[in-house]
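The primary structure of each chain is shown beneath.
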Amino acid sequence: MNRSEYQKIIDEIIGEAALVLLQKAGPVNTQALIDQLIRMKEQSTDHEQREAIIAAITDVRNSILAGKKLREEQPNRDNVLPLFGDKEQSGSNRKH
C-alpha cells in the first residue's frame, strides 16, 4: 500500500469518528475526536485497523500541535486570512 492510500484510510477513520460524534449530538472538538478514536482502537480486533487508528490519533495530535505553533508565531493576528493577497484593488481596475 502506498502512502496516499494509507492516508486515505486514515482520513476515512477520522471521518468515521467525526460522524459518530455528530450522531451522538455531543461536543465536536479535537479532544472528543481523539477520545472517540481511542474508543475505536480499543474496540478493534484487527491489527492493521488498530495501527491505522493509532496513525489517525497521531495525525490529529500533530494537527493540534501545528495549529498551536502557528498561533504562537502569530499571536496578534486574527483568524481571518486574505484569500487573494493583502493589496486592495483600485476602483478603476475592477473587473466586475
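Nothing here was measured: the structure is a model prediction, and the numbers come from that model.

Draft legend 1. Just the nonpolar core, in detail. In this structure, Ile13, Leu33 and Leu37 are the most contacted members of the largest nonpolar core, which totals 15 residues. Contributing elements (two or more residues each) for this core: α1 (3-24), α2 (30-43) and α3 (47-73). Sequence-distant contacts of Leu33, that is, excluding residues within four places in its chain, are made with Ile14, Ala17, Ala18, Leu21 and Val60.

Draft legend 2. Looking closely at the environment of Ile34. Following the sequence through the fold, Ile34 ends up in helix α2. Under the relative-accessibility criterion, Ile34 is labelled buried at 4%. Expressed as a C-alpha distance, the spacing of Ile34 and Ile57, which sit 23 residues apart in the sequence, is 6.1 Å.

Draft legend 3. Expanded view of α2. When the terminal C-alpha atoms of α2 are compared, their 20 Å separation across 14 residues agrees well with the 20 Å that a helix rising 1.5 Å per residue should span. Within the span of α2, buried status applies to Ala32, Leu33, Ile34, Gln36, Leu37 and Met40. Where α2 is buried, its residues touch α1 and α3. Where α2 begins, the side chain of Asn29 points an oxygen toward the backbone nitrogen of Gln31, at a separation of 3.2 Å.

Conventions and cut-offs
- Starting afresh in each chain, residues are numbered from 1 along the sequence in its written order.
- Thresholds applied to this predicted model are a pLDDT of at least 70 for local features of residues and 80 or more for the giving and counting of side-chain atom pairs; totals over whole chains, interfaces and linings are not thresholded and use all residues.
- Heavy atoms throughout the structure, all of them, feed into the side-chain values; hydrogens and water do not.
- Put simply, buried Ala, Val, Leu, Ile, Met, Phe, Trp, Tyr and Cys residues joined by side-chain atoms within 4.5 Å make one nonpolar core.
- Burial here depends on accessible area, computed with a 1.4 Å probe over protein chains only, as a share of the maximum for the residue type. Under 20% is buried, over 50% is exposed, and the range in between is partly exposed.
- The helix and strand labels rest on DSSP assignments: H or I over at least four residues marks a helix, E over at least two residues marks a strand, and numbering proceeds from the N terminus.
- Any two residues whose heavy atoms approach within 4.5 Å are treated as being in contact.
- Expected span of a helix, by definition, is 1.5 Å for each gap between consecutive residues, and there is one gap fewer than residues.
- Definition of a polar contact: a pair of N or O atoms within 3.5 Å, with one able to donate and the other able to accept a hydrogen when the atoms are protein atoms, and with sequence-neighbouring residues admitted only if both atoms are side-chain atoms.

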